[in-house]
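The primary structure of each chain is shown beneath.
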Amino acid sequence: MGNTSKSLNIKGSAAVAFLVMLFNAIGGDYFFDLNDDVLMKDILSGAYTGVPEGHNIQMLYPISALISVLYRISGALDWYGIFLCLLQALCVFIITYKILEISKDNKLWLMSLASSIFLMLGVIGAHFLFVQYTFTCGFLSATAVILIFTHREKDKNLYLAAVLIAIAYLLRSEMLLLTLPVVMVGILIKWALTGKEFMNYLKFLISIALIIVASQVIHKAAYSSADWKDFTDLFNARTELYDFQYIPDYAENKEFYESIGLSESEQHLLVNYNFGLDDEINADTLWAVAEYADKLKTDEIPLPAQLRQAAGKYLYRLRQVSSQKSFEYPMTDFPCNVVAFILYVGVLLMYLFPKKEREKKSALLAVALLVLLFACRTTLWLYIIVRGRDPIRITHPLYLMEIVVLLGMLYLRAEKSLKIAMGTLAVLIIVSLVSIPNQVFVLKSEMASREKMRQHYDALYDYFADNKDNFYFIDVYTSVSCGEDMAESETFFSEKMFKNVDNTYANHDLMGGWASKSPLTEKKFKAFGFDSMQDAILLDNVYVVQNKSEDIEWLSDYYTEKGYEISISQVDTVADAFGVYKVSLND
């Protein structure tokens, strides 16, 4: 089987994709990993405004418009979930097919097949069940790198790689840009090691630049109205404040808050994320607080000190070897860091040995390229650690990018250093096999945690559905967790894919969050006859939902400061966790 047939490669790749999906499906139900994906799905499907919306806010317009069209064709299907899962299955198929295609030796072909299965299951297995668009974007980018490394003259690899990068950019532009330096290093390594097709790789880079420019032009045109421009500014300010800065304490920074016209009760709306309640809180307000917080942070911890702290965390995560205790927290990089380390060592040995094939010049070049790759990954890691944005939906794709570049280098050298290549893959298979039981444990424990969560939130959303004549404003942090009423090991809110799909118009909304104050919010309010959240809450059939264990005095303080004499009464309790409150004007 020296030259494995195309048919066999297709069958092997399809089998791997099927087995990976089957293994995870046996483990439990598919979930949107985070509440962000749930809200995106609600916007796309029409559950938020009553009509499938192309303006998804988080994704670029062309791809969100396409998904919204699918919901218009059939609103009974979970198109967004189907889309993400199909993309992940496609990535598994392409990566496997390409490494099988380049494996000309029979034993190497079998080792490649096994390594693909076990790497997918043992290293990133849980991501196939708990699906998140940021990770999917990184997976697409990693698949593009494999296509680059397996590219040969006159094939279509680079065209397909460009398509995957385009989809990734449209899906999650920030994540694609974060992985793009690794893509570029991968291109440089491939060209440097082969010395061929410089112009084709240059054209490929130009095509990526054109894809990014064209995507942005279309996106900006779709968001060019005055309302969307204003919201985009607010959205960017919100992202900076909540994702990268913090809300300074009011008492300690009273002079600053007074200077921007923010009272204590209004500042509390920033703290509890319910800023949608106050129409006067706008982009200028959020930018001012974000810039002030950044200045405080810089004054307290200079950048050099931040880099030193980040370097310590980086080195710890680089060398830490411990099994995952849960899906997301506490974060651990095993087995990703071990797999990357094995590949660095294996690839280095491959380019140094065997001696009869050794060329001093090519060996030094390979060492320099490995150093470049490591420098690139170090820079990216320090960046996300300093920015405080290193959850697994970001770090795991970065590891995946690094791993596929190293695999690309391994396969380029495999014919000349076959034994070392086989040995490296054998070690990877062993590490991945050892990790599979831990992945199974993570899947089971996470599934159990989410089932506990669903007992609370299914009851809450059933309550909304049973009271269609009412409208409910949900405290933002209540929409994420039950707070003190969370059961032991219960996780944060998410939603199952494909089961009990309900894309009907929802009679509830969050009091803040990333979609708050958008034209979509205004559209939803108008449909229910609301002028503003502040006024709507005072209407007879409108209620506020908050964890019953939390004090709701903040809401009373806000209305009192605005000159309203109100009373707040708890009219119902849901799932022994959520309080339903009525805010009424006093006679």
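Up top is the structure these notes are about.
Residues numbered from 1 in each chain as written. Predicted model: local features only at pLDDT ≥ 70, side-chain atom pairs only at ≥ 80, totals over all residues. Heavy atoms only, no water.

Undergrad: What am I meant to see in the sheet that holds strand 2 (residues 130-131) here?
TA: Across a sheet, paired strands are connected by hydrogen bonds in the backbone, their directions being either parallel or antiparallel. Judged by pairing direction, the sheet is mixed, and its 3 strands sit side by side in the order 2-1-4 without closing on themselves. Every interior strand has two partners, whereas the edge strands, strand 2 and strand 4 (495-496), have only one. Across 2 bridges, strand 1 (residues 31-32) lies against strand 4 in antiparallel orientation. Its bridge partner being in strand 4, F31 is matched across the sheet by K496. (Pairing = 2+ DSSP bridges. Helix = DSSP H or I, 4+ residues; strand = E, 2+ residues; numbered from the N terminus.)

Undergrad: Is there a simple way to think about the pairing of strand 6 (residues 542-547) in this case?
TA: Side-chain direction in a regular strand flips from residue to residue, so the side chains alternate between the two faces of the sheet. Most of strand 6 is tucked away: 6 of the 6 residues are buried. Where strand 6 lies against strand 8 (residues 578-585), 4 bridges are found, and the strand directions are antiparallel. Bridge pairing in strand 8 links V544 to Y581. (Buried < 20%, exposed > 50% of the residue type's maximum accessible area, 1.4 Å probe, protein only.)

Undergrad: Before we go on, may I ask you to explain the nonpolar core in this structure?
TA: Soluble globular proteins: nonpolar side chains tend toward being buried together. The biggest cluster of nonpolar side chains holds 195 residues, and the ones touching the most others in it are Y80, F139, L277 and F473. The element contributing the most residues to this core is helix 18 (residues 418-466), with 15 residues. (Core = buried A, V, L, I, M, F, W, Y, C linked by side-chain atoms within 4.5 Å.)

Undergrad: How should I be thinking about a negative patch on the surface in this particular structure?
TA: Together, D249, E252, E264, E484, E550, D551, E553, D557 and E561 make up a region of like negative charge exposed at the surface. Ranked by residues supplied to the negative patch, first place goes to helix 21 (residues 553-561) with 3 residues. Inspection of the secondary structure puts E553 in helix 21. (Patch = residues over 30% accessible without salt bridge, like charges linked within 9 Å, V, L, I, M, F, W, Y side chains within 5 Å. Areas by Shrake-Rupley, 256 points an atom, 1.4 Å probe, with all protein chains shown as cover. Salt bridge = Lys/Arg side-chain N within 4 Å of Asp/Glu carboxyl O. Lys, Arg positive; Asp, Glu negative; His and termini not counted. Charge placed at Lys NZ, Arg CZ, Asp CG, Glu CD.)

Undergrad: Got a minute to help me understand the side chain of Q245 in this structure?
TA: Relative to the helices and strands, Q245 is located in the loop between helix 10 (226-244) and helix 11 (254-259). Q245 gets classed as buried once you look at its relative accessible area, which sits at 10%. In this structure the side chain of Q245 is engaged in a polar contact, spanning 3.3 Å, whose partner is the side chain of K297. Those residues in contact with Q245 that lie beyond four places of it in its chain are E240, A290, A293, D294 and K297. (Polar contact = N/O pair within 3.5 Å; in protein donor to acceptor, adjacent residues only side chain to side chain. Contact = heavy atoms within 4.5 Å.)

Undergrad: Is there a simple way to think about the sheet that holds strand 8 in this case?
TA: An order of 5-3-6-8-7 is seen for the 5 strands of this open sheet, with the pairing classed as mixed. Taken across any chain shown, the strands that pair with only one partner, and hence form the sheet edges, are strand 5 (508-510) and strand 7 (566-574). In this sheet, neighbouring strand axes are inclined to one another by 30° on average, regardless of whether the strands run parallel or antiparallel. Along the sheet face, helix 21 touches strand 6, strand 7 and strand 8 and points at about 150° away from the line of strand 7. (Axes fitted to C-alpha atoms, helices over the stretch in contact; angles between N-to-C directions.)

Undergrad: Please explain the packing of helix 8 (residues 173-194) against helix 16 (residues 360-386) as it appears in this structure.
TA: Angle between the axes and distance between the axes are the two parameters that describe a pair of packed helices. Direction vectors running N to C along helix 8 and helix 16 enclose 175°, while the axes themselves pass 10 Å from each other. Compared by their axis directions, helix 8 and helix 16 come out roughly antiparallel. When helix 8 is examined against helix 16, the residues L178, P181, V182, V185, L188, I189, A192 and L193 are found in contact with a partner set consisting of L365, L369, L372, L373, C376, L380, Y383 and I384. (Parallel < 35°, antiparallel > 145°, perpendicular 65-115°, else oblique.)

Undergrad: Would you mind showing me how to read the packing of helix 14 (residues 303-319) against helix 16 here?
TA: Running from N to C, helix 14 and helix 16 point in directions that differ by 120°, and their axes come no closer than 9 Å. The crossing of helix 14 and helix 16 is right-handed. Facing Q306, L307, A310, A311, K313, Y314, R317 and L318 of helix 14, the residues of helix 16 in contact are F374, R377, T378, W381, L382, I385 and V386. Taken together, the residues of the contact of helix 14 with helix 16 sort by class into 10 nonpolar, 2 polar and 3 charged. (Left-handed = near helix turned anticlockwise from the far one by under 90°. Nonpolar A, V, L, I, M, F, W, Y, C, P; charged D, E, K, R; others polar.)

Undergrad: What's the story with the environment of L538 in this structure? I'm lost.
TA: Inspection of the secondary structure puts L538 in the loop between helix 20 (533-536) and strand 6. Using a relative accessible area of 15% as the deciding quantity, one classes L538 as buried. Apart from residues no more than four positions distant in its own chain, L538 is found in contact with Y559, Y564, I566, K582, V583 and L585.

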